[in-house]
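Each chain, written out:
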Amino acid sequence: MTDHTERDAMTYDVIIVGAGPAGLCAGMYAGRGMLKTLIIERGLPGGELLNTEKIEDYIGFESILGRDLAEKMANHALKFGAEIITDTVDAVERTADGDFTVTTALEKVFRAPAVIITAGGTPTKLGVPGEAEYAGKGVSYCAVCDGAFFRGETIAVVGGGDAAVEEADYLTRYAEKVYIVHRRDRLRASPIIQERAFKNPKIEFVWNKVVEAIEGDERGTQSLRLTDTVTGDESSLAVTGCFIFIGFTPNTGMIRGHYEHDAQGYVVTDTHMRTSIPGLFAAGDLRVQLTRQITTAVGDATTAAIAVEKYLTERREHSKVQAAAGAT
Ligand SMILES: Cc1cc2nc3c(=O)[nH]c(=O)nc-3n(C[C@H](O)[C@H](O)[C@H](O)COP(=O)(O)OP(=O)(O)OC[C@H]3O[C@@H](n4cnc5c(N)ncnc54)[C@H](O)[C@@H]3O)c2cc1C
């Protein structure tokens, strides 16, 4: 049985799901705003920063290791009183009284009137040998983040949708040559994006090929082993980079009840980071937006934390008015 003290210990002003840049920044602002704040993270604090070797585009830090930035962000959130626990959030559910219950894999149930979901997303992996081994050593899932490391090199982009073709076009500002490796003989990307890529002299298409393995040595990625989907022939493509754009799944499985999202499952918010469920806010990579970077994640998180403060104040005032009306 849960007694009163235990119940209070499980109740917060705001619960944040995920401790990537968005979650930690939201935690820092909420803590600083004197809200009782809980961040629940299934792994180590830092999110995708922990999968990033060097970051060169976070303003104020010309170059910083991902793990160092993660540590600084986590310490900053803790300094202002946010609590961080390790657990996986299984369900976020709005109850009849308008509060939320947050249920975890360790079977804990936390309560709060507001929740900020900052659970990020997962890039779809090829699932081939060498992909994990050379991640950060030539294998990447983010052109804006890593493109500048491939100046003058020959690289490959895997995929045939809008993201793959747009990112290939973007990467030609750094790379000498970009192969687009696609398993079919035509692209899924929209016509205008295709047209731009076909006109780009630095892009060459490698049709009807699937990647069987990413190969390399101590220098990093050196080639892709390919199989022709029509003839079954094997070949090797010499590249020092392999950007994989075959999909990205926002981590939204824990949200119970209907919420507005786009066709790819990204959460729709307004400019206050409010979702279509009252009291539920979203920030960072899982939100519908033009680009997904550390700067955009922390920008969203700042807005979300301040919007939560306003939401809680308005909710308290509304309850007072209702109580006063009930008393008369
Ligand atoms: C390889 C790589 C390199 C990158 N390089 C750069 C770069 O150089 N510069 C740049 O600006 N951006 C870069 N990015 C993008 C940047 O990392 C993301 O935009 C940013 O991390 C998004 O922050 P976020 O907090 O929204 O999500 P994330 O960083 O993905 O954090 C989400 C967190 O939520 C946790 N979580 C998920 N589900 C649950 C659950 N059910 N319960 C509890 N916790 C959960 C995850 O474990 C994770 O820690 C890179 C991305 C990748 C993949």
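All values derive from a computational prediction rather than experimental measurement.

Basis of the calculations
- Residues numbered from 1 in each chain as written.
- Predicted model: local features only at pLDDT ≥ 70, side-chain atom pairs only at ≥ 80, totals over all residues.
- Domains from an automatic or database assignment.
- Nonpolar A, V, L, I, M, F, W, Y, C, P; charged D, E, K, R; others polar.
- Pairing = 2+ DSSP bridges.
- Helix = DSSP H or I, 4+ residues; strand = E, 2+ residues; numbered from the N terminus.
- Axes fitted to C-alpha atoms, helices over the stretch in contact; angles between N-to-C directions.
- Expected span 1.5 Å × (residues − 1).
- Contact = placed C-beta atoms within 7 Å.
- Core = buried A, V, L, I, M, F, W, Y, C linked by C-beta atoms within 7 Å.
- Buried ≥ 20, exposed ≤ 12 C-beta atoms within 10 Å, placed from the backbone.
- Right-handed = clockwise from strand over helix to strand, strands pointing away.
- Near = placed C-beta within 6 Å.

S.K.: Explain the domain arrangement of the chain to me, and be specific about the residues and the numbers.
M.R.: By a frequent convention, interface size equals the accessible area lost on bringing the separate parts together. Domain boundaries in the chain define domain 1 (4-123 + 248-327) and domain 2 (139-244). Taking the mean C-alpha position of each, domain 1 and domain 2 sit 35 Å from one another. Residues that form the side of domain 1 that touches domain 2 fall into these classes: one nonpolar, three polar and one charged.

S.K.: Break down the sheet that holds strand β15 (residues 209-217) for me, with residues and values.
M.R.: In space, the three strands of this open sheet follow the order β15-β16-β17, with antiparallel pairing throughout. Strand pairing shows two members of the sheet lacking a second neighbour, β15 and β17 (234-238), which therefore form its edges. When strand polarity is set aside, the average angle formed by the axes of neighbouring strands in this sheet is 30°. Of the pairings in the sheet, the one linking β15 to strand β16 (residues 220-228) comprises eight bridges and is antiparallel in character. Among the inter-strand pairings, Glu215 is bridged to a residue of β16, identified as Ser223.

S.K.: Tell me about helix α2 (residues 21-32), and name the residues and values.
M.R.: With twelve residues, α2 should cover 16 Å at 1.5 Å per step; its first-to-last C-alpha distance of 16 Å lies within 8% of that length. On its buried side, α2 packs onto β1 (14-17), β2 (37-41), α3 (66-79), β9 (114-117) and α7 (294-327).

S.K.: Lay out the nonpolar core with the relevant residues and their values.
M.R.: Counting 54 residues, the largest nonpolar core has Val14, Ile15, Ala26 and Val115 as the members making the most contacts within it. Apart from residues no more than four positions distant in its own chain, Val14 is found in contact with Ala30, Leu35, Thr37, Ala112, Ala114, Val115, Ile116 and Val308. Core analysis: the second largest hydrophobic core is formed by 32 residues, Ala163, Val181, Leu187 and Val211 among them.

S.K.: Could you give me a rundown of the environment of Asn200, with the residues and numbers involved?
M.R.: By the element assignment, Asn200 lies in the loop between α6 (191-199) and β14 (203-206). A C-alpha to C-alpha distance of 39 Å links Asn200 and Thr302, two positions 102 residues apart in sequence. Residues within four places of Asn200 in sequence aside, it is in contact with Asp169 and Thr172.

S.K.: I'd love a proper account of the pairing of β14, names of residues and values included.
M.R.: Two elements, strand β13 (residues 177-181) and β14, share four bridges in a ladder whose sense is parallel. By the bridge assignment for β14, Tyr179 is matched with Glu204. For the crossover that starts at β13, traverses α6 and ends in the parallel β14, the hand is right-handed.

S.K.: For α3, give the residues involved together with the corresponding values.
M.R.: Between its first and last C-alpha atoms α3 spans 20 Å; for 14 residues at 1.5 Å apiece the expected length is 20 Å, and the two agree. Contact partners of the buried residues in α3: α2, β2, β3 (54-55), β4 (64-65) and β5 (83-86). A positive backbone phi angle near 100° is found at Gly81, which sits one or two residues after α3.

S.K.: Explain the site of the ligand to me, and be specific about the residues and the numbers.
M.R.: In the vicinity of the ligand lie 38 residues, with Gly18, Gly20, Gly47, Gly120 and Gly284 positioned nearest. Contributions of two or more residues to the shell around the ligand are made by α2, β2 and α7. When its residues are assigned to classes, the shell around the ligand shows 17 nonpolar, 15 polar and six charged. When residues of the shell around the ligand are assigned to domains, at least three fall in each of domain 1 (4-123 + 248-327) and domain 2 (139-244).

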